[in-house]
Amino acid sequence: MYSRFGKMILSVTLSTALVLGAAGGVQYPVKAAETVSDTTSGAAINQAPPSTTPVDTSKIKISKTKNVIMAGKKTTLTITGTTSPITWTSQYPTVATVENGVVKGVKKGKTIITASMDGITLSCTITVVAKMSKKDFGKFNSENFVSFCKRKGYNRGWSWVGQWKGKSKKKSTYRKVKIGNSLSTVQKKYGELKVKKCTSKDPFTKMKGLKKNKVKTYADVTYGKYRIRFYFNSKKKVVAIILACNIGKIKKKALKKYM
């Protein structure tokens, strides 16, 4: 179509053809392909629907297939290899819940976390261990460990009792973690731990027992103001265990007689 100024106007033509049916001469309306007029020649061009590239599901992975967490703690699962929406579910929400890949332990038990996308399902087995309590401080039961802390330094900001490889000390943990155990063993008892490198700022690293066993990293398990600290060597073996109250307030000079 042309305007009175002789310029061509872009037009979109949608036609409906009537096709004669074979039986009884019934007519069925059939929608024809959409056409677009070329702006220069006016020729009609068929516009095909956009193509989609199939997802290679073999490349879709979940970050963990099994993990241990403590009740009340969280861990995050991630999916790589796809940008599609993911549906997360927990087999037993009373044991652990999941939302957008973030898993939270509820109570002791085991559940399977599943992630569904692109027609496939990936899973991770989550074991939830009981939340730490005062009895996890070993020899000190729920009553006398608290009184020990208060009597030996809690009110002054610190107290500690420890053990390390090569020096006879009483057991200090309830969940049967002892000197020589691996990091993975500790995590099976206490759940996922954040391991940190030892630095000069740590008041314990200059202690004779820890220096002798060449500690490299440590991980903390906390209960209120009380803390169990596990020290590991380069082979990720436990070489020292420290129990303390208000561990962040302990100064090097307070540990001078142990250095």
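As a reminder, the structure under discussion sits directly above these lines.
Residues numbered from 1 in each chain as written. Predicted model: local features only at pLDDT ≥ 70, side-chain atom pairs only at ≥ 80, totals over all residues. Heavy atoms only, no water.

Novice: Could you clarify how one ought to interpret the overall build of the protein in this entry?
Specialist: The helix and strand inventory of the protein stands at three helices and 19 strands. The buried share among the 259 residues of the protein stands at 35%. Within the protein, contacts between residues at least 6 apart in sequence are counted, and of these 52% link residues at least 24 apart. Only carbon and sulfur atoms are counted for the fraction: they give 53% of the accessible area of the protein, which is about 16,800 Å². (Helix = DSSP H or I, 4+ residues; strand = E, 2+ residues; numbered from the N terminus. Buried < 20%, exposed > 50% of the residue type's maximum accessible area, 1.4 Å probe, protein only. Contact = heavy atoms within 4.5 Å. Areas by Shrake-Rupley, 256 points an atom, 1.4 Å probe, with all protein chains shown as cover.)

Novice: Which parts of the structure should I look at to understand the sheet that holds strand E10 (residues 87–90)?
Specialist: Across a sheet, paired strands are connected by hydrogen bonds in the backbone, their directions being either parallel or antiparallel. As summarised here, the arrangement of the four strands in space is E7-E14-E13-E10, forming an open sheet in which the pairing is mixed. Strands at the two margins of the open sheet, each flanked by one partner only, are strand E7 (66–70) and E10. Shown here is a sheet whose adjacent strand axes are inclined to one another by a mean of 25°, direction ignored. Relative to strand E14 (residues 120–129), E7 is paired through five bridges, and the arrangement is parallel. When the bridges of E14 are listed, Lys66 appears paired with Thr125. (Pairing = 2+ DSSP bridges. Axes fitted to C-alpha atoms, helices over the stretch in contact; angles between N-to-C directions.)

Novice: How should the nonpolar core be read in this particular structure?
Specialist: General note: in soluble globular proteins, nonpolar side chains tend to be found buried as a group. Counting residues in hydrophobic clusters, the biggest one holds 18 residues, and the most contacted among them are Ile79, Trp88, Val103 and Ile126. The element best represented in this core is E14, accounting for four residues. Sequence-distant contacts of Ile126, defined by excluding residues within four places in its chain, comprise Asn67, Ile69, Thr75, Ala96, Val103, Gly109, Lys110, Thr111 and Ile113. The next biggest cluster of nonpolar side chains, apart from the first, holds 17 residues, and it includes Met70, Phe230, Phe232 and Leu243. (Core = buried A, V, L, I, M, F, W, Y, C linked by side-chain atoms within 4.5 Å.)

By themselves, these figures tell us nothing about what the structure is for.
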